[in-house]
Amino acid sequence: MLGFLITLAYASSVLAVANNESWIVPNWSEPPKYQPGSLFWMTNQYNKCPVLYRTQLEISDKSIQYAGFRIEFKKYVYIYVNGELIASHISEGSGFADVDIKHSIKPGRNSLVISTTEDGFSLKGIVKYVDKTEYFSSNPDRWKVQKFPPLTMISYEPCMNPDFDDNGWYSTKQIGQGLTNFSETDLQSSLSTLSDKYMEKLAEDAKWRLKMLADKGIAIVDWEAYGWAGTERLPQWIISKAKQTLNGNYEGEKLALIAESLAKYVKLEDDLTNIDNHITGLGILKSTNEEIELFKETLSVLKDRADRMKNAIQSDDHEQAILLAKDAQDQIAKIKSKRVINDLCSCLDNKFGWFDTGVLLGNDISKWGLRIESPHNALASPLSPAVLITAMDNELSILGWGSLEPIKVYNKPINTGPICAWVVINGKVTSLKPSDDGVVYDRSIHGNMSENWILLVNNLSSGGDLPLELVFINAPEKIIFISGEKGTDQVKISFKDKGSKLFMLRPLKEWRGLLYQAQVLNSIPLNEREAKRYIDQCRLWSRALMKYPVTFSEVFIRDPQDKNAIRCVDIYNYQEFKDEWKTEPITIAPLPPLATYGLMKKYPGLEVISDAKNLGSRGIWGDEIAVVGNNYIEYRVPIDPIKRFGGFTSFCFGGTDIGEPGSITEIDTVKRTGSNSFRPQHNQTGERAMKTLDWCWERGLQNMFNTDEKWVPDVCEHFRTLARQCKDYPPDAVAYDLLNEPETREPEPYNALMRKITSAIREEDKTHLIYIEVFPPWGPSASPFPKSAFENLEPTGDELTCYSFHDYEFRLPNRWPNEDHDIRDILERWIPAFKFGIDSQRPIHLGEFGGFEQTDQDVFENRCAITMMMDHFKIFDQFGWHWHYYSNRGTVRVLEDGSLQDSYVQKATARYFNKGTFNINH
């Protein structure tokens, strides 16, 4: 449902008199009785029982002009349509409310559930079709009623299902008249106002979605964000349509239809590519013919739906486009019901896999310290060290060398900018220095370039940065160096035509032999024999970039020879180019940089299965390993043997915050999401602690003990006591998170303490998991220490230990993703954590994140909580992380009717676990 909660309330007032409606109440002599409810530390403090009144609405598939009702009630009312809370109102005494249901009902049977007091209500409703009007009311013959225990989470009750059989419920009876001042004309006017407000919100949502698509290439479908590599990889007609719509004069419903159809088309195109790639990957992994045929049949359907959907969008028939998208997703769901598959450009249980940032391969120009000020478009694929630039004018200016920090100065004065350029002229690699007017290359003087690349060479011995290679699709007319205080600060490249394209990359990331490299690169004339290794590297990329990898699919199976490994095939899709030199392209299928790093670190079980070659250096990430001449690479990925745990953290340092009946309610809310762990923070070792552990385990939840050392006299003895009591519990029942946010210690004594506590636990308990937090605990690059938090942590060597950190850098904003931040920023921030997981060969645990409830956003109203949570879950799934969301007990709230409502954080968590990807390979 695209809608939002809205209610227009009235006091008893000036309304035209019409027919009265029945005032109905439950028809019971003795209402059901329930024990008081308990929540958190509040024992037996919740006495109010939700009373639900239920009916069904049969809705035609004809166009609806308006639909809704006016209700008179006492004190409060909550309105549910098909399980969605769509309106609520609280009043001092009696109150009226008008409720728009047009955007919540659907053709066929619908459930309408009203939660209010036992004092009942009176209702008059209208569904106005183009050709007829239908009415519904508080006639007791069509309503049933039931009372529920306090703190029931009624939105999940079976009665919300339109097909629920409520014959076992109580009947209702009329006790008088209500709505004594009802006017259908007034109701129609009110519903129109409500619908307008709904449309305003719909337009806001649509504009946000269109902006994310146009500016970032992120398609938001059903509050989940799908993006990869930015806008330039997407069909330009999609981006143009999104921009035109944003600049046009469209109203809410039209805007929503366009945003929905464009986002779903982008998703469908990605799904189509992904299914096609899976056919290749399943063949390589020797899947069954039956399974491959199923994918082929689905691919045929998706191609048809995508073609028809494109035509529908371009014909402005967005409703038809959305129907086609739904049919396509139904086809994909059939495959996913039989086999877990990755989405396009995503990985599951592969901590060595690709992710959506070019930082590891160094294709982010801003990270080099350079910038392009000329109008241009950029496509920086995370799969390549190169960025593709399209110059919108005839000239492209690259600036910023003068502001670079020198990498290492052997010769002074410092010279950070390019001093010459390698250009292939008449078949010979020639080193050209700038003339007095800064011209390095002039086509009218030097003649045509023989090959499609040049290398801008810096003086490494004077602090210059790594050389920059330019690989041209369109030949340059002139290249000029413009000097600054530290040598060349700007390079201008002129083209004959607008829209010319070139790639930029830094191909030489080998830091050994720095002075030798500087000597060879700067020699004039160039010694080709000495420079061969560097020339070969430039020529490799001059050919490889003619098939620029843009997206990939990862197909995987469990390794038949190793239960703790999967076999992955990464199949690449390329954007192909024909340059003015007719350069012969080569296809390379690269290994992800974290995998090459893992090989360099000799990570056990990580292995390349394909016949791959070493093509050069990635600097700190190892060697450039790729299959040459094919579009896929197969490799084996080890999986952490420790089962993953995920759930919620609660601040429970009060004396009665655990071990009370309210703890059971809290534990049940965690279990309801599908989570398998609960992390109550407390310093207790006695009866309350053990009761809470037992309540968790009875419900299949791990209980993770977490202690704040500042309030514990002897933390080693504290955990020794817990370990002595817990040692006989099953392995999945217990875990120890040693110290919560140890910000008051220094790194060296902290590491020593972690070893000491671990030893104390292992003297008693050799079965259960230990989680050790980094120091400092907040984020991979936390202050006050100059090194990142993970660089301060020393692994203890314990085989049943995971390493943990907390991060609240990204909390819920008004919109997620937004202009400033998206999942790419989270991924980049967490690179130290990804690296440490490989270095230590242990799992990572995000012990606290989120805290959305501590922002000015309402997690019960802002659906972007779903979008943001699903982005987090994508990362956790890929890297095999354990996790606990922190809400300070704010993910559920008690409503006025005594029911319990979960937030969009809870709903997102339930959605995630329903996908079935958590622990799928354990």
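See the structure printed just above.
Engineer: Explain the sheet that holds strand β29 (residues 588–590) to me, and be specific about the residues and the numbers.
Structural biologist: One open sheet holds the 3 strands; their spatial order is β29-β32-β31, and the pairing between them is antiparallel. Looking along the sheet, the strands with just one partner apiece sit at the ends: β29 and β31 (613–617). Strand-to-strand, the axes of this sheet are offset by a mean angle of 40°, without reference to chain direction. For β31 and strand β32 (residues 623–628), the ladder comprises 3 bridges, and the chain directions are antiparallel. Looking across to β32, one finds that S617 is bridged to D623. The strands touched by helix α9 (residues 532–544) are β29, β31 and β32; relative to β31, the strand with the most contacts, the crossing angle is about 115°.

Engineer: Quick one: what's the story with the packing of aromatic side chains, residue by residue and with numbers?
Structural biologist: Counting across every chain of the model gives 51 aromatic pairs. Between Y597 and W621, the aromatic rings sit 5.2 Å apart at their centres with planes inclined by 70°, giving edge-to-face as the arrangement. Linking Y597 in helix α10 (residues 593–600) with W621 in the loop between β31 and β32, this pair joins segments that are 24 residues apart in sequence. By relative accessible area, which is 4% here, Y597 ends up buried. A ring pair is formed by W830 and F876, whose centres lie 6.4 Å apart and whose planes are at 15°; its orientation type is stacked. You can see W830 sitting in the loop between α15 (823–829) and α16 (831–840) and its partner F876 sitting in helix α17 (residues 864–879), a full 46 residues away along the chain. For K132, the ring lying beneath its charged end belongs to Y129, and the centroid distance is 5.4 Å. Just above the ring of Y574 sits the side chain of K547; from NZ or CZ to the centre is 5.3 Å.

Engineer: Before we move on, could you go through a negative patch on the surface and cite the residues and values that matter?
Structural biologist: Together, D196, E200, E204 and E251 make up a negatively charged patch on the protein surface. Judged by its relative accessible area of 45%, D196 falls in the partly exposed class.

Engineer: So what about helix α5 (residues 318–338)? Which residues, and what values?
Structural biologist: Over its 21 residues, α5 runs 31 Å from end to end, which matches the ideal 30 Å to within 8%, given 1.5 Å per residue. Within the sequence span of α5, burial applies to H318, A321, I322, L324, A325, A328, Q331, I332 and I335. Looking at the packing, one finds that the buried side of α5 touches α2 (236–247), α3 (252–284) and α4 (289–314).

Engineer: Tell me about the environment of K532, and name the residues and values.
Structural biologist: In this fold, K532 is placed in helix α9. The exposure class of K532 is partly exposed, given its relative accessible area of 49%. Between the C-alpha atom of K532 and that of V520, which follows or precedes it by 12 residues, the distance is 9.8 Å.

The rules behind these values
- Residues numbered from 1 in each chain as written.
- Predicted model: local features only at pLDDT ≥ 70, side-chain atom pairs only at ≥ 80, totals over all residues.
- Heavy atoms only, no water.
- Pairing = 2+ DSSP bridges.
- Helix = DSSP H or I, 4+ residues; strand = E, 2+ residues; numbered from the N terminus.
- Axes fitted to C-alpha atoms, helices over the stretch in contact; angles between N-to-C directions.
- Contact = heavy atoms within 4.5 Å.
- Phe/Tyr/Trp six-rings, centres within 6.5 Å; stacked < 30°, edge-to-face > 60°.
- Buried < 20%, exposed > 50% of the residue type's maximum accessible area, 1.4 Å probe, protein only.
- Lys NZ or Arg CZ within 6 Å of the ring centre and 35° of its normal.
- Patch = residues over 30% accessible without salt bridge, like charges linked within 9 Å, V, L, I, M, F, W, Y side chains within 5 Å.
- Areas by Shrake-Rupley, 256 points an atom, 1.4 Å probe, with all protein chains shown as cover.
- Salt bridge = Lys/Arg side-chain N within 4 Å of Asp/Glu carboxyl O.
- Lys, Arg positive; Asp, Glu negative; His and termini not counted.
- Charge placed at Lys NZ, Arg CZ, Asp CG, Glu CD.
- Expected span 1.5 Å × (residues − 1).

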